[in-house]
Amino acid sequence: MTKDSPIGVFDSGVGGISVLRVMQETMPHENFIYYGDSGNAPYGEKTPDHIRRLSENVIRFLFHKEVKAVVIACNTATSAAADYLRAKYPDRIILGMEPAVKPAVLKSGKRHPAVLVMATSSTLHGERMKHLVSLHGEDGDIYPLAAPGIVRLVEAGKKDSPEMLEYLSEILSPYRKHADGSIGTHIDSLVLGCTHFPFVEEHIKEVLGYPVEVYNGAYGTAREALRRLTEAGLLSDRAAPGDVKLYSSSTAPDPTALERMLLLS
């Protein structure tokens, strides 16, 4: 591995492209390899053991590509597999995602904010989320909301579809502003706890119908990657912009077409 070696980024599908875009902004001179395991998506409905096996298969692929660090751009895979992978590969830089519950609670400007955490069922029931809620639950009201349909629709290339708006209207009904002006539970902060969700952030805000502060864990992950690479002396010192190579386990005729579209959107 050298400073010019690429950074590996992987997700259960195309959602991690939202993280890759933030990392490109943070480290514009780095090369990246992205792997979307769309052939096995969604991870959020699988058992932790299954997620660990899938994640290890992907990380071995990235190691074979001689990456200098791996970013698990998936909250579900981080919750189920990050500790396992770090223990098995202790000499590697392996970073994960964490739902931005802490800043959503502490930086909202409200003394006791109402925080909606949207994620997959696996993430919401994982130990990391339980730990975050135990740390910050007394400082705000935290409302978990499983939204697996967002993952399926984004993976199907339907992020801007009528089906997406219909699905969001249904699951957000307890929190959105209705035609008569009523709101069941007013939300101050929204945590996007799955990397697929930033692609429909504007739709979520539209459906809610009132302003909310949105928190995305990708920014913290990118800053931590920058810190770790700098600390290890592996940050690229090239002047030229880096490039991206895309891979996918999708069985579609053009398996990385959706990844390319989301990366450039």
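Note: the structure precedes this text.
In this numbering scheme, every chain counts its residues from 1 along its sequence in written order. Two thresholds apply to this predicted model, a pLDDT of at least 70 for residue-level local features and 80 or more for giving and counting side-chain atom pairs, whereas whole-chain, interface and lining totals are computed over all residues. Values shown for side chains rest on all heavy atoms present in the structure; no hydrogens or waters enter the calculation.

*Asks:* How should I be thinking about the side chain of Ser161 in this particular structure?
*Replies:* Within the secondary structure, Ser161 is located in the loop between helix H7 (148-155) and helix H8 (162-171). A polar contact is formed between the side chain of Ser161 and the backbone oxygen of Lys158, at a distance of 2.8 Å. For the purposes of this entry, the term helix denotes a DSSP run of H or I that reaches at least four residues, the term strand denotes a run of E that reaches at least two, and both are numbered from the N terminus. Under the rule applied, a polar contact is a pair of N or O atoms within 3.5 Å (in protein, one hydrogen donor and one hydrogen acceptor; residues adjacent in sequence only if both atoms are side-chain atoms).

*Asks:* Which parts of the structure should I look at to understand the environment of Met23?
*Replies:* Take Met23: it is sitting in helix H1 (residues 17-26). Only protein chains enter the accessibility calculation, which uses a 1.4 Å probe. A residue is then buried if its area is under 20% of the maximum for its type, exposed if over 50%, and partly exposed in between. The buried category is assigned to Met23, whose relative accessible area is 0%. Sequence separation between Met23 and Arg223 is 200 residues; the distance between their C-alpha atoms is 8.2 Å. Excluding residues that lie within four positions of it along the chain, Met23 makes contacts with Ile7, Val9, Phe32, Val71, Ala222 and Ala225. Here a residue-residue contact requires only that any non-hydrogen atoms of the pair lie within 4.5 Å.

*Asks:* Where do I start with the sheet that holds strand E9 (residues 244-248) in this structure?
*Replies:* Sheets are built from strands paired through backbone hydrogen bonds, the pairs being either parallel or antiparallel. Only when DSSP finds a minimum of two bridges between them are two strands counted as paired. Strand order in the open sheet formed by five strands is E4-E3-E1-E2-E9, and the pairing between neighbours is parallel. Edge positions in the sheet fall to strand E4 (94-95) and E9, since each has one partner strand and no second. The pairing of strand E1 (residues 7-11) with strand E2 (residues 32-36) spans five bridges and is parallel. Opposite Phe10, over in E2, you have Tyr35 as the bridge partner. Only the stretch in contact is used when fitting a helix axis, every axis being a line fitted to C-alpha atoms; angles between N-to-C directions are given from 0 to 180 degrees. Most of the contacts of H1 go to E2, to which it runs at about 170°, and overall it touches E1, E2, strand E3 (69-72) and E9. Its contacts with the sheet place helix H3 (residues 75-88) against E1, E3 and E4, and it is angled at close to 155° to E3.

*Asks:* I keep staring at the pairing of E2 and nothing clicks. Help me out?
*Replies:* Regular strands place side chains that alternate from one sheet face to the opposite one. Counting buried residues along E2, five of its five residues qualify, which places the element largely inside the surrounding structure. Taking every second residue as pointing to the same face, both faces of E2 are buried, with Phe32, Tyr34 and Gly36 on one and Ile33 and Tyr35 on the other. After leaving E1, the chain enters H1 and then returns to the sheet as E2, a path that is right-handed. With five bridges joining them, E2 and E9 adopt parallel strand pairing. By the bridge assignment, Gly36 is partnered in E9 with Ser248. By convention a crossover is right-handed if, when the strands point away from the viewer, the path from the first strand over the helix to the second runs clockwise.

So, to be careful, I would describe these as geometric facts and stop short of saying anything about function.
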